[in-house]
Number of protein chains: 6
Amino acid sequence: MSTVPLLTNEEAEAIPAVKSVFDDIRATRNSDFINNFWRGLANDPALLKRTWEALKAVMTVEGALDPLVREMIYIAVSTANGCSYCVHSHTAAAKAKGMTPQQHGELLAVIGLAGQTNHLVTSMQIPVDVEFLI
Amino acid sequence: MSTVPLLTNEEAEAIPAVKSVFDDIRATRNSDFINNFWRGLANDPALLKRTWEALKAVMTVEGALDPLVREMIYIAVSTANGCSYCVHSHTAAAKAKGMTPQQHGELLAVIGLAGQTNHLVTSMQIPVDVEFLI
Amino acid sequence: MSTVPLLTNEEAEAIPAVKSVFDDIRATRNSDFINNFWRGLANDPALLKRTWEALKAVMTVEGALDPLVREMIYIAVSTANGCSYCVHSHTAAAKAKGMTPQQHGELLAVIGLAGQTNHLVTSMQIPVDVEFLI
Amino acid sequence: MSTVPLLTNEEAEAIPAVKSVFDDIRATRNSDFINNFWRGLANDPALLKRTWEALKAVMTVEGALDPLVREMIYIAVSTANGCSYCVHSHTAAAKAKGMTPQQHGELLAVIGLAGQTNHLVTSMQIPVDVEFLI
Amino acid sequence: MSTVPLLTNEEAEAIPAVKSVFDDIRATRNSDFINNFWRGLANDPALLKRTWEALKAVMTVEGALDPLVREMIYIAVSTANGCSYCVHSHTAAAKAKGMTPQQHGELLAVIGLAGQTNHLVTSMQIPVDVEFLI
Amino acid sequence: MSTVPLLTNEEAEAIPAVKSVFDDIRATRNSDFINNFWRGLANDPALLKRTWEALKAVMTVEGALDPLVREMIYIAVSTANGCSYCVHSHTAAAKAKGMTPQQHGELLAVIGLAGQTNHLVTSMQIPVDVEFLI
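Residues numbered from 1 in each chain as written. Chains lettered and ligands numbered in written order. Predicted model: local features only at pLDDT ≥ 70, side-chain atom pairs only at ≥ 80, totals over all residues. Heavy atoms only, no water.

Considering the relation of the copies chain A and chain B
Put simply, the test is: Copies overlap after least-squares fitting; the atoms used are the C-alpha atoms of residues with pLDDT of at least 70 in both. Any two residues whose heavy atoms approach within 4.5 Å are treated as being in contact.
For these two chains of identical sequence, chain A goes onto chain B by a turn of 180° and a shift of 0.0 Å along the axis, with RMSD 0.0 Å. The two molecules are tied by a two-fold rotation axis, judged by turn and shift. A shared interface surface links the copies, since 100% of the contact residues of chain A are contact residues in chain B too.

Looking at the packing of aromatic side chains
Spelled out, the test is: Paired rings are identified among Phe, Tyr and Trp, the last through its six-membered ring, by centres lying within 6.5 Å, and are further divided according to the angle between planes into stacked (under 30 degrees), edge-to-face (over 60) and tilted (the rest). In DSSP terms, a helix is any run of H or I states spanning at least four residues, a strand is any run of E spanning at least two, and both are numbered starting from the N terminus. Residue exposure (1.4 Å probe, protein chains only): buried if accessible area is under 20% of the type maximum, exposed if over 50%, otherwise partly exposed.
Applying the stated criterion across every chain yields a total of 24 aromatic pairs over all chains. Between the aromatic rings of Phe132(E) and Phe33(F), the centroid separation amounts to 6.0 Å while the plane-to-plane angle is 80°, which identifies the pairing as edge-to-face. Here Phe132(E), found in the segment after helix H7 (101-124), pairs with Phe33(F), found in the loop between helix H2 (16-29) and helix H3 (36-41), and the two come from separate chains. On the basis of relative accessibility, which here comes to 27%, the residue Phe33(F) falls in the partly exposed class.

So, the interface of chain A and chain D
To keep things clear, this is the line we draw: Summed over both partners, the accessible area (1.4 Å probe) lost when two parts come together is defined as the buried area. What counts as a salt bridge is simple: a side-chain nitrogen of Lys or Arg found within 4 Å of a carboxyl oxygen of Asp or Glu. Polar contact criterion, stated in full: a pair of N or O atoms within 3.5 Å, where within protein one must be able to donate a hydrogen and the other to accept it, and residues adjacent in sequence count only if both atoms are side-chain atoms. Residue classes follow a fixed rule: Ala, Val, Leu, Ile, Met, Phe, Trp, Tyr, Cys and Pro count as nonpolar, while Asp, Glu, Lys and Arg count as charged, and any other residue, Gly among them, counts as polar.
On the side of chain D, eight residues touch chain A, which itself brings ten residues to the contact. When the two sides are added together, the surface that chain A and chain D hide from each other amounts to roughly 630 Å², 61% of it contributed by carbon and sulfur. Looking only at chain A, the three residues that lose the most surface to chain D are His88(A), Ala109(A) and His119(A), adding up to 46% of its buried area. Counting across the chain A and chain D interface gives zero salt bridges. The tally of links between chain A and chain D comes to three residue pairs in polar contact (both at pLDDT 80 or more). When contributions to the side of chain A that touches chain D are tallied by element, the ones reaching two or more residues are helix H6 (84-96) and helix H7 (101-124) of chain A. Among the elements that line the side of chain A that touches chain D, the one with the most residues is H7(A), at six residues. When its residues are assigned to classes, the side of chain A that touches chain D shows three nonpolar, five polar and two charged.

Describing unusual backbone geometry
The backbone of Asn30(A) shows a phi angle near 55°, a positive value even though the residue is not glycine. Mapped onto the elements of the fold, Asn30(A) is located in the loop between helix H2 (16-29) and helix H3 (36-41).

Here's the deal with the environment of Phe132(D)
Exposure remark for Phe132(D): the relative accessible area of 15% places this residue in the buried category. Contact partners of Phe132(D), with chain neighbours within four places excluded, come to Phe33(C), Asn35(C), Tyr85(C), His88(C), Ser89(C) and Ala92(C).

Some thoughts on the state of the cysteines
Such a bond, covalent and formed between the sulfur atoms of two cysteines, is termed a disulfide. All names here are of chain B. Here is the rule: Note on terminology: pairs of cysteine sulfur atoms within 2.5 Å are recorded as disulfides.
What the rule picks out here adds up to six disulfides over all chains. A sulfur-sulfur separation of 2.1 Å characterises the disulfide bridge that pairs Cys 83 with Cys 86. Around the S-S axis, the bridge from Cys 83 to Cys 86 shows a dihedral of about 50° and counts as right-handed.

Details of the nonpolar core
Stated formally: Side-chain atoms within 4.5 Å are what join buried Ala, Val, Leu, Ile, Met, Phe, Trp, Tyr and Cys residues into a set we call a nonpolar core.
In this structure, Trp38(A), Trp38(B), Trp38(C), Trp38(D), Trp38(E) and Trp38(F) are the most contacted members of the largest nonpolar core, which totals 276 residues. Once residues lying within four places of it in the same chain are set aside, the contact partners of Trp38(C) are Phe22(C), Ile25(C), Arg29(C), Leu48(C), Thr51(C), Trp52(C) and Leu55(C).

Side note on the layout of surface pockets
Which entries qualify depends on this criterion: Of the grid points, spaced at 1 Å and generated over the protein atoms alone, those admitting a 1.4 Å probe that cannot get out make up cavities, while open sets with protein on both sides within 12 Å along at least five of seven lines make up pockets; any residue with an atom within 4 Å of a point is treated as lining. Grid points are joined across faces, edges and corners, and a volume is the space filled by probe spheres set on the points.
Estimates place the volume of the second largest pocket at around 1,400 Å³. If you trace the second largest pocket, you find 39 residues lining it, with Gln125(A), Ser84(B), Ser84(C), Gln125(E) and Ser84(F) closest to the centre. Looking at the lining of the second largest pocket, the elements that each hand over two or more residues are H7 of chain A, helix H6 (84-96) of chain B, helix H6 (84-96) of chain C, helix H7 (101-124) of chain D, H7 of chain E together with helix H6 (84-96) of chain F. A per-class count over the lining of the second largest pocket returns 24 nonpolar, 15 polar and no charged.

Considering the packing of helix H5 (residues 67-80) of chain A against helix H7 (residues 101-124) of chain B
Relative orientation and spacing of two packed helices are given, respectively, by the angle between their axes and the distance between those axes. Quick reminder of the rule: A fitted line through C-alpha atoms serves as each axis, taken over the contacting stretch for helices, and the angle formed by two N-to-C directions is quoted from 0 to 180°. Note that the term roughly parallel is reserved for angles under 35 degrees, roughly antiparallel for angles over 145, roughly perpendicular for angles of 65 to 115, and oblique for everything else. Crossing handedness is defined as follows: a turn of the near helix away from the far one that is anticlockwise and smaller than a right angle gives a left-handed crossing, while the clockwise case is right-handed.
Contact geometry for H5(A) and H7(B): axes closest at 9 Å, N-to-C directions at 45°. Taken as axis vectors, H5(A) and H7(B) run oblique relative to one another. The handedness of the crossing between H5(A) and H7(B) is right-handed. In this structure, H5(A) contributes Arg70(A), Ile73(A), Tyr74(A), Val77(A) and Ser78(A) to the contact, and H7(B) contributes Glu106(B), Leu107(B), Val110(B), Ile111(B), Leu113(B), Ala114(B), Gly115(B), Thr117(B) and Asn118(B).

Observations concerning the interface of chain A and chain B
Contacts between chain A and chain B engage 63 residues on the former and 63 residues on the latter. Regarding the contact of chain A and chain B, the summed buried area is about 5,700 Å², with carbon and sulfur atoms giving 75% of it. Our enumeration of links across chain A and chain B arrives at zero salt bridges. Counting across the chain A and chain B interface gives 20 residue pairs in polar contact (both at pLDDT 80 or more). Among the secondary structure elements, those contributing two or more residues to the side of chain A that touches chain B are H3, helix H4 (45-60), H5, H6 and H7 of chain A. Top contributing element to the side of chain A that touches chain B by residue count: H7(A), with 17 residues.

Quick word on the environment of Trp38(D)
By secondary structure assignment, the location of Trp38(D) is in helix H3 (residues 36-41). Spatially, the C-alpha atom of Trp38(D) lies 23 Å from that of Val69(D), the residues being 31 residues apart in sequence.

Overview of the relation of the copies chain A and chain D
Screw-axis analysis of chain A against chain D gives a translation of 0.0 Å along the axis, an RMSD of 0.0 Å, and a rotation angle of 120°. The relationship between the two copies is best expressed as a three-fold rotation axis. Using C-alpha coordinates, one finds that chain A approaches the rotation axis most closely at Gly82(A), a distance of 3.7 Å.

By themselves, these observations are geometric and do not establish any function.
What follows is the structure, encoded as structure tokens:
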């Protein structure tokens, strides 16, 4: 159902540039599971490598934002962009990182509210207050 | 430049249903400043009241998510929806709640990455892994 | 500020394929005013003609929907797509067709609510009820 | 397949804050049917209550816009936001409120046209005519 | 599962205004296959005719852009709009017009990069450089 | 007006990790001009570096797609995402790479048509033909 083939483990093993990324995904996540997104990207090993390295740098490296917070931001963007796969995969990741049902409920409430006020602002074409331009 | 008039303080004072909401915004925020969004909504006092009460419940009440995290989620949704006013107002709010430049940088990095992978997933039409459907 | 030049009346007069569309816009609307959208499209006379004829057929011909209702639907789509110009031009058109402030307020309320529930549905990935699939 | 559990009638009955909203939905709609959207929201009773009360106020109360017109505006926003569930549920609601095939066809025509001109305007970056800024 | 019935060949044959468009689609494409999009539009023969004639003029007539390039642009827009059907149908069309896996990979890379930088720009609210306004 | 400061040349020179990216942008483009996007990203040198290297790899390296075609795909995505800055900057880039007014007109025609049919498909919820799933 995808527009590109999803590489099997055997096919991935046979392409060194793919194998090395898949190995790194498995090592970084400490899991054998490679989800379909990477199997689709593997058709273009350079794109696979760039995308994985960016995701690894942004989502797994220690920083100023809690890893769970990053996943919730990811869910927020994916929702607004209507990416069903991304909502599913990052909600699963957020749960794996400890998101509680209460946190999930509050996340949904903020996402819904933002969706509402974004639309109200745009339909009213509200000009930015000078107080915000600093 | 908006498609509805933005009510001045004088006009707002003259409509009891608007005045009571503006008073509550000022009291809740401990500030005299009423930003343009509320001045536009004030043309429809019932919509103004519902929207403010929802925002107050979602964004200001104590809960499982840090208020700064809620603002960052708001920025994420507003970015994906392309709402310039909302990005400006909630970035200002996030800074007022203590968002550091490093946190801002990481927020942008997650938003950008999500934008990228959302598009990659959609153009490849990746099917959801059964592992995510639990 | 546009990415294509906006043709002046003089430039439009000099290109028969543009002039004939501009003449028809003026005759149909019973007004001399040609808004910037058409002046931009005029760089490609065939695109100008196709777009105007589609708009004329959809928005001005008598049908099952009131012309004002069509303008409100147009505003709704333009809001969700974040098209500032389109929100401005079709709100002006709706007001010219008699949209009252109360109707405008209700339109905004529906647009905002839909924005909210669209986001809630997508972040929850709600499956379509079989009752709706008929 | 949703990212939150969909509460069954039994589960909903057991939570007073959910039961009272479900009862009101049934009474307002004069039907026993509770669609999946509300079953998902029921995981967060406060969000359920706020959302239902907003929807009830905007969509069911008598006002300046015909209830069918409100449903068509809802479909328009939901389409532009790519919310499949929302398009299905509000198209079903519009048909239940009497939308004829001819009205549906005209609705689709306006939505499609707006989608087209929204894109043309944005790719040309057309500046707003001063005539629209009043 | 669609919100309108999809006309069968028999139903289409019985409506002259539909039959003539279906005949032209078959003749233009040199194929008996009529995809579901046209079967849905056939509920409104005037909309069917306008849409097909626009698509024929834009996508099949000789011009300054290679037909394969036009399909790739179509995929790009459809991805950003989250239209699953459109991504599938135009990816199939692009492959039929000779899109190689390498070209497909590069198309995906550009789409993903644009998705990323679009989001970064919007969340930073970068003002347009005067150098671009010429 | 941006939500982050735009680094001046002097500020950029003072941060080695920024200076080296700016130097590479100038060398790659054979121009002294650094547009605002990079000046905003420079607040986070790691994000600046990753983004520039991705853009350099995707947009400037020789490949299967013509550089002008890549710019046109970029414009298409940026339009659908409503990113005004991105439409301006990549239209300028496309013109610098030789895009003719006729090509621009055809690009706009495809973008507009895709916008239209994307919306029609989504509002009709057309199921994907099995013929496309190969």
